Amino acid sequence: FTTLLFYLPSPLNAQCLCLNGNIPQTVTYQQTRSIRPIDDSTNFDISQFDPTMGELICVNVFSYITGVVRMRLENDEIYPVSYRINYSRTDRIQGPGLTPDITNSFTKNYGPYNLAATDGNYFSGPDFVAIGPDSVLKNKYLNRTLSTGLVPFLGYGTVPYNYKVTGRTTVTGSINYIFSVSSQDIVTIGLTYSFCPTGLLGTDIKDFT
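Residues numbered from 1 in each chain as written. Predicted model: local features only at pLDDT ≥ 70, side-chain atom pairs only at ≥ 80, totals over all residues. Heavy atoms only, no water.

For the structure shown, the criterion picks out 2 disulfides. Cys16 shares a disulfide with Cys58; S-S distance 1.5 Å. Here the S-S torsion is close to 115°, and the disulfide linking Cys16 with Cys58 is therefore right-handed. Residue Cys16 is located in the loop between α1 (2-7) and β1 (25-35), and its partner Cys58 is located in strand β3 (residues 55-75); the two are separated by 42 residues in the primary sequence. Comparing Cys16 with Cys58 shows no difference in burial state: the two are buried. Paired through a disulfide, Cys18 and Cys196 show a sulfur-sulfur distance of 2.0 Å. Taking the torsion about the sulfur-sulfur bond, which here is approximately -110°, the covalent link between Cys18 and Cys196 counts as left-handed. With Cys18 in the loop between α1 and β1 and Cys196 in strand β8 (residues 177-196), this pair connects stretches of sequence that are 178 residues apart. Looking at Cys18, the relative accessible area reads 10%, which means it is buried. (Disulfide = S-S within 2.5 Å. Helix = DSSP H or I, 4+ residues; strand = E, 2+ residues; numbered from the N terminus. Buried < 20%, exposed > 50% of the residue type's maximum accessible area, 1.4 Å probe, protein only.)

That's the geometry; what it means functionally is another story.
The structure is reproduced here in structure tokens:
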């Protein structure tokens, strides 16, 4: 519970106020998934806002992304080679209210790795290097606040979102090498609803200004 509170987005008081100027109440729903290296696209279903709680005035769509990368590089030349690696990725969140999508691009260079001539024994020895695990993204926070087009967030079902990561890795130094890269991601997607509770008049009130 303490960890959850730490990671929840800060109040959206500056962007969302009730018509009477009061600070709205908030409620947050979120899902966290550990995404395997073979899954580059994952769906999330976040609870809608219960309209009986009050008037929804804005929604904050947020995400926390942690990406851990591992690489393996083997020199397959008969002479020593110095290698460099360029790793890049784009994380993308798609769903209601996100036009354009929420995206984050990241690039990192690795090396140089001075590898000896191939010894014929793969994935070991001075001609091989293992890189990582390297946390290239550490709870990267992405968000967007919506104050219009809130109909898809009202109801008793869920709001669908999709997380997708695409990447590219370039190895320079030689053309004869063996290389692999994998990414293990932990992704949280959530919605913070800001709303103004519905006020009820007393049954004995017959006239008011």
